[in-house]
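The lines below spell out each chain.
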Amino acid sequence: MPESTTPACSIVGLLDDGWDGLGAVARQRIEAAACVIGAGRTLALIAPHAPAARLLDMDGALSRVPGWIEEVAGQGGHAVVLATGDPLCHGIAGFLIGKLGAARIEVLPAPSTLQLAFARLKRPWQEARFTSCHGADAGEWQADPLQPGPTPEHGLYRLVRAVAEHPLVASFTSPANSPDRIARALLAAGYGEPGGGEDLRLSVVARLCLDDEAVFEGLSLHEAATRRFPEPNILVIERSHSPERRDGAAAGRETATAADAALRALPADTPLFGLDDLDYVQRSPEKGLITKLEARAVSLAKLALRADSRVWDIGAGSGSVGLEASRIARHGHVWAIEKNAGDAANARANARRLRASNYSLHEGKAPAGLDAWPDPDAVFIGGSGGELGELIGLVLRRLRPGGRLVMNFVTLENLATATSALAASGAAWDVTMLSAARSQPILDMHRLAAQNPVWIVTARKETA
């Protein structure tokens, strides 16, 4: 093998049983190493077995590790980097391979602690979604429910989104981002609400391979949120349907008109989009300030969303378009704004009922605050607060190449303003007039009752 491709280091996975749990090859690498690099806790486990090696603590110094390895290799020596469990499962191996190249790295894994956690729970794990919040203190998910929801930068975001998409999730934790904090995040995201037709159970496997190893199995969110667990630990989250699961559409219509609607989760089998209008909490007593299902479906199609789209919803109203967009763009995020306090409260209630953890609602009047939002792939304008022309110009400047702007209008004046602004900007646009009618009972028969026509205006940002 050419010298340039000789492994510069071996990444050795170990567990808290230390030297006793290592295989023969891993032991040989450590005994022959010129330098052993690891977190303080892992170095302490191995130090007695590497008396001639230089020991380097990488706590708080991860960025320096590739340089240390290169320095040892330049002196003709071999470095060993210690990792926990499988270094290729949310571990350091991916980072070092990216910095040094795969040919210069040897990986000697131990069983992942995630794998061991499932072994302790006696559960198959091949369909589990693995994630991690083993990092800096993320803070609580949402201490103030009146503030916009967390965005993808939050340290618990990936975990909460994983729970939204997968019935079985396992996660590395940290002392700050602990199981109790994660349980509180899931409660804040709308899980654990009555009537949701599903049940989340948390299991914590702590201090694996140590004499005081402990398993806490099948805890409710409320139980887990109020207690601390021994460190280190692995968290397993399982979603199952509860026996009292209700029929989706009927339950939505029932709860949306009940006084406690905002406190009840929609059923677990709620469709991806195309919810009934009455599934949404709306203004009372003046029902109807909502983009109707027919216009909502066409508008969402016109937005041409991808799974990872970043979406703006301007004039969110009850939140129906933005919330269904968040379900389609499940790996993306929706930033919404609504100036009416009552409507904003309804949108927040609907987001909670749908457990829309990738949806952030701002209360205010656009365009104020939009400069802090990331450039969008798609924008829906359902209400402009009298700033329509300015908003169209701003959106067209901010849209990413290939992005879509979709607007709904029920008045000729707003339609004229929009088309004039689009024409002045040179954007490519088209208009669809949607005229729908719904059946209504009349005696023992049915008639069609017309809805107000809606003009759906779509503009496209040309690709570069």
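Residue numbers restart at each chain and count upward from 1, following the sequence in its written direction. Selection of residues for local features in this predicted model requires a pLDDT of at least 70, selection of side-chain atom pairs for listing and counting requires 80 or more, and totals for whole chains, interfaces and linings are taken over all residues. Heavy atoms throughout the structure, all of them, feed into the side-chain values; hydrogens and water do not.

- Per an unreviewed UniProt entry, the chain goes by the name Precorrin-6Y C5,15-methyltransferase and belongs to Thauera humireducens.

**Side note on the sheet that holds strand β5 (residues 105-108)**
So, step 1. A sheet is described by the order of its strands in space; here five strands give the open sequence β3-β2-β4-β1-β5, paired in parallel fashion. Pairing within the sheet leaves two strands with one partner each, and these edge strands are β3 (54-57) and β5. Geometrically, the sheet is characterised by an average inter-axis angle of 20 degrees between neighbouring strands, direction not taken into account.
So, step 2. For two strands to pair, DSSP has to find at least two bridges joining them. By definition, any uninterrupted DSSP run of H or I lasting at least four residues is a helix, any uninterrupted run of E lasting at least two residues is a strand, and each is numbered from the N terminus. As defined by bridge partners, strand β1 (residues 9-14) adjoins strand β4 (residues 79-84) across six bridges and the pair is classed as parallel. Note that in β4 the partner of Cys 9 across the bridge is Ala 79.
So, step 3. The criterion used for residue contact is that any of the two residues' heavy atoms lie within 4.5 Å. Axis geometry follows a simple rule: fit a line to the C-alpha atoms, using only the stretch in contact for helices, then measure angles between N-to-C directions, giving values from 0 to 180 degrees. Strands in contact with helix α1 (residues 24-32) are β1, β4 and β5; relative to β5, the strand with the most contacts, it is inclined by about 130 degrees.

**A few points about helix α6 (residues 157-165)**
So, step 1. All of the buried residues in α6 are Tyr 157, Leu 159, Val 160, Arg 161, Ala 162 and Val 163.
So, step 2. The secondary structure elements touched by the buried residues of α6 are β6 (129-132), β7 (168-172), α7 (179-188), β8 (199-206), β10 (233-240) and β12 (333-338). Burial status follows relative accessibility: with a 1.4 Å probe on protein chains alone, a residue under 20% of its type maximum counts as buried, one over 50% as exposed, and anything between as partly exposed.

**Focus on the environment of Val 406**
So, step 1. Looking at the secondary structure, you find Val 406 in strand β15 (residues 404-409).
So, step 2. A relative accessible area of 0% places Val 406 in the buried class.
So, step 3. Residues Val 406 and Lys 302, spaced 104 residues apart in sequence, show a C-alpha to C-alpha distance of 6.8 Å.

**Comments concerning the domain arrangement of the chain**
So, step 1. Partitioning the chain into structural domains gives domain 1 (9-111), domain 2 (115-240) and domain 3 (270-461).
So, step 2. Residue ranges for the domains originate in an automatic or database domain assignment. Look at where the C-alpha atoms of domain 1 and domain 3 centre, and you get two points 52 Å apart.

**Let's talk about the packing of aromatic side chains**
So, step 1. When two rings of Phe, Tyr or Trp (its six-membered ring) have centres within 6.5 Å they constitute a pair, described as stacked for plane angles under 30 degrees, edge-to-face for angles over 60, and tilted for the intermediate range. As enumerated under the stated definition, the model contains five aromatic pairs in all.
So, step 2. Relative to Phe 229, the ring of Phe 216 lies with its centre 5.2 Å away and its plane at 75 degrees, an arrangement referred to as edge-to-face. Remark: Phe 229 occurs in the loop between α8 (221-225) and β10 and Phe 216 occurs in strand β9 (residues 214-219); sequence separation between them is 13 residues.
So, step 3. Taken together, the ring pairs in this structure connect Phe 118, Trp 125 and Phe 130 into an aromatic cluster.

**What to know about the sheet that holds strand β19 (residues 454-460)**
So, step 1. Strand order in the open sheet formed by seven strands is β13-β12-β11-β14-β15-β19-β16, and the pairing between neighbours is mixed. Of all strands in the sheet, those with a lone pairing partner are β13 (359-363) and β16 (428-434), marking the two edges. For this sheet, the mean inter-axis angle between neighbouring strands, taken without regard to orientation, is 15 degrees.
So, step 2. The strands touched by helix α10 (residues 293-303) are β14 (378-381), β15, β16 and β19; relative to β15, the strand with the most contacts, the crossing angle is about 160 degrees.

**Thoughts on the nonpolar core**
So, step 1. In these notes, a set of buried Ala, Val, Leu, Ile, Met, Phe, Trp, Tyr and Cys residues joined through side-chain atoms within 4.5 Å is what counts as a nonpolar core. Counting residues in each nonpolar core, the largest one holds 30 residues, and the members touching the most others are Leu 156, Val 163, Ile 182, Leu 186, Leu 221 and Ile 237.
So, step 2. Contact partners of Val 163, with chain neighbours within four places excluded, come to Val 169, Leu 186, Tyr 191, Leu 200, Ile 237 and Arg 239.
So, step 3. If you look at the next biggest cluster of nonpolar residues, it comprises 29 residues, including Val 311, Tyr 359, Val 406 and Leu 434.

**A short note on a nonpolar patch on the surface**
So, step 1. Where nonpolar side chains cluster on the molecular surface, the patch consists of Ile 442, Leu 443 and Met 445 and spans about 350 Å² of accessible area.
So, step 2. Tracing the backbone shows Met 445 in strand β18 (residues 445-450). Patch construction takes residues with relative accessible area above 30% that form no salt bridge. Like charges are linked within 9 Å, and nonpolar side chains (Val, Leu, Ile, Met, Phe, Trp, Tyr) are linked within 5 Å. For every accessible area listed, the method is Shrake-Rupley and the probe measures 1.4 Å; residues are considered covered only by the protein chains on display. Just to be clear on terms, a salt bridge is a Lys or Arg side-chain nitrogen sitting within 4 Å of an Asp or Glu carboxyl oxygen.

**As for unusual backbone geometry**
So, step 1. Residue Pro 232 is bonded to the preceding Glu 231 through a cis peptide linkage, with omega at -10 degrees.
So, step 2. Looking along the chain, the bond that leaves Ala 366 and enters Pro 367 is cis, with omega of 10 degrees.
So, step 3. Here Pro 367 shows up in the loop between β13 and β14.
So, step 4. The backbone of Lys 122 sits at a positive phi, close to 55 degrees, despite the residue not being glycine.
So, step 5. Within the secondary structure layout, Lys 122 lies in the loop between α5 (113-121) and β6.
So, step 6. What makes Lys 122 exposed here is its relative accessible area of 72%.
So, step 7. For Arg 355, which is not glycine, the phi dihedral falls at a positive 55 degrees.
So, step 8. Locating Arg 355 in the fold gives a position in the loop between α12 (341-353) and β13.

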